[in-house]
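Remarks on the overall topology
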There are 2 protein chains.
Amino acid sequence: MPPYEPSAYPPFAVTVDLVVLTVRRHALSALIVRRGEAPFQGRWALPGGFVREEEDLSEAAARELAEETGLHAHGPVEEDTPAHAAHLEQLATYGDPKRDPRMRVVSVAHLVLAPDLPAPRPGGDVGGARWAPVETLVGPADDDEEHPPLAFDHRRILADGVERARSKIEYSSLATAFCPQEFTVGELRRVYEAVWGVALDPRNFHRKVTGTPGFLLPTGGTTTRQGGRPAQLFQAGGATILNPPMLRPEV
Amino acid sequence: MPPYEPSAYPPFAVTVDLVVLTVRRHALSALIVRRGEAPFQGRWALPGGFVREEEDLSEAAARELAEETGLHAHGPVEEDTPAHAAHLEQLATYGDPKRDPRMRVVSVAHLVLAPDLPAPRPGGDVGGARWAPVETLVGPADDDEEHPPLAFDHRRILADGVERARSKIEYSSLATAFCPQEFTVGELRRVYEAVWGVALDPRNFHRKVTGTPGFLLPTGGTTTRQGGRPAQLFQAGGATILNPPMLRPEV
DNA sequence: CCAAAAGTGTTCATTTTACACCCATGT
DNA sequence: ACATGGGTGTAAAATGAACACTTTTGG
């Protein structure tokens, strides 16, 4: 390739797309927005948008997240951790030349894990936003209102994000990102059960998570919000890598 | 692209950068090339280049790999697996607005794992290519010929690639990508030892890898190329995910 | 009282680790 | 003969899985 006139290399548009996951009513759910513009106007899609001229990729992802949902995020990169921010990390980049019918668009997908939230507050240029259980989005496309086919290659991106979340909660403390700041062992267990889609033994789970150094930090309080005997409250301990890991039961 | 004038979004250049790893003389080593052009002219860097107009990201990575090293690659995506291809997967994307002094460049880094090779055959517009042990590249930059500081943010990219390889050989069969098509259990063990930088018990290692279903497939042959008693030859079995995983000893 | 969820103890099976020992080749 | 790496046996220790049982609340 000849030196470096801007015309010497192909121009691309670069976007960020967001796989925003939460656990709602025992189901792993993703945030989807209704597109207000062509292409795929009126179709559901992952939130996202163009990266700006002077913006890093993770900044763009955090900005789009705030614009379209009102959520604040922190990733492994930033040092400040506002009390109740969601987890943000880069997922993968999608650059099929035909993935956007308009032009060549490379999309850097990000994964956001958030606690269960009040209804999403859509903003910007999206026509609506809602949580949908991931099985209704990555399963067979029935094309009704409960199984809307996603725009672009967003179904694939979502599937990759879900797979990442499923495997990452095994060996990291990321499952706590789905919990409120203070949570019980039972609530954390229901996160694992929802994300993996399996039932876990409450007794062995309790021993395991409380015995993994750095995973959980007791806050001293208790709650009975789940009914039954009062449960101790915990917050996420400092550890990011779990040793030993949580083992996902065989399929 | 009617509704979308190109001026409505910022134009980016998109490149692929390659973290090409191999195990040479018991050391995990990376492929670096000497830059023939500004910026960072004469400095060592990761191989890479611009993505073309009609090319997917993994195609661009495979093309650059072939152009600059003569290696052929196959990823999890492509179905054809030419007899002796290197493993290729996407690593991460780097888009700091200041990472390239010329203009806004987003680089999609890829990770390539290859068996030990004859001296790399540089091609294209690079001034030279060599293997360097990764410690000499990601450690403190002494700025001599043995510890050359890499161009751009390539030291960070390399570090991320090395970390990915180190963790991924734990739970996947990827370590076999560092071996020739036929290899012995001892050769595979030396791969783990080099990548992790630890010593492993040869006897327990042997039992473990031969007992993990789908990891190794005996070819029937034997070799004495390592000296001592003849060793059975294996090739990679079909499995990609190891169950149980190889456990990296504690630090 | 009962139901529900939290949490503890105990037992058995499996896996990991450490290391003694034998095997088959080259020199 | 002996050095070198390949490979098996075995027993102790650590871990994981199953499940009986107790605790503390709300209704």
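See the structure shown above.
The present account deals with the structure reproduced in this document. (Residues numbered from 1 in each chain as written. Chains lettered and ligands numbered in written order. Predicted model: local features only at pLDDT ≥ 70, side-chain atom pairs only at ≥ 80, totals over all residues. Heavy atoms only, no water.)

1. Focus on a negative patch on the surface
Together, A:Asp142, A:Asp143, A:Asp144 and A:Glu146 line one region of the surface with negative charge. Inspection of the secondary structure assignment puts A:Asp143 in the loop between helix 2 (134-138) and helix 3 (154-171). (Patch = residues over 30% accessible without salt bridge, like charges linked within 9 Å, V, L, I, M, F, W, Y side chains within 5 Å. Areas by Shrake-Rupley, 256 points an atom, 1.4 Å probe, with all protein chains shown as cover. Salt bridge = Lys/Arg side-chain N within 4 Å of Asp/Glu carboxyl O. Lys, Arg positive; Asp, Glu negative; His and termini not counted. Charge placed at Lys NZ, Arg CZ, Asp CG, Glu CD. Helix = DSSP H or I, 4+ residues; strand = E, 2+ residues; numbered from the N terminus.)

2. Some points on the protein's contact with DNA strand C
Around DNA strand C, the structure places 21 residues, and the nearest of them are A:Arg207, A:Gln226, A:Gln232, B:Asn204 and B:Arg229. Sugar and phosphate atoms constitute 52% of the interface atoms of DNA strand C, taking the interface as everything within 4 Å of the protein. Contact between DNA strand C and A:His206: a sugar or linking oxygen at 3.3 Å from a side-chain N or O atom of the residue. Only helix 4 (185-196), helix 5 (202-211) and strand 10 (231-236) of chain A together with helix 5 (202-211) of chain B provide two or more residues apiece to the surface near DNA strand C. Among the residues forming the surface near DNA strand C, the class breakdown is three nonpolar, eight polar and 10 charged. (Near = heavy atom within 4 Å. Polar contact = N/O pair within 3.5 Å; in protein donor to acceptor, adjacent residues only side chain to side chain. Nonpolar A, V, L, I, M, F, W, Y, C, P; charged D, E, K, R; others polar.)

3. What about the packing of helix 3 of chain A against helix 4 of chain A?
All names here are of chain A. Between helix 3 and helix 4, the least distance of the axes is 9 Å, while the angle of their chain directions is 140°. With respect to their mutual orientation, helix 3 and helix 4 come out oblique. The hand of the helix 3/helix 4 crossing is left-handed. Within the contact between the two elements, helix 3 uses Ala165, Arg166, Ile169 and Glu170 and helix 4 uses Tyr192, Val195 and Trp196. When the residues that make up the contact of helix 3 with helix 4 are grouped by side-chain class, the tally is five nonpolar, no polar and two charged. (Axes fitted to C-alpha atoms, helices over the stretch in contact; angles between N-to-C directions. Parallel < 35°, antiparallel > 145°, perpendicular 65-115°, else oblique. Left-handed = near helix turned anticlockwise from the far one by under 90°. Contact = heavy atoms within 4.5 Å.)

4. A few points about the pattern of salt bridges
Should the charged atoms of two oppositely charged side chains come close, the side chains can pair. Residues and elements named next belong to chain A. Taken as a whole, this structure holds 30 salt bridges over all chains when the rule is applied. Between Arg189 and Glu193 there is a salt bridge, with the nearest N and O atoms lying 3.4 Å from each other. In this pair, Arg189 and Glu193 both sit in helix 4, four residues apart, roughly one turn of the helix. An identical accessibility class is assigned to Arg189 and Glu193; each is buried. (Buried < 20%, exposed > 50% of the residue type's maximum accessible area, 1.4 Å probe, protein only.)

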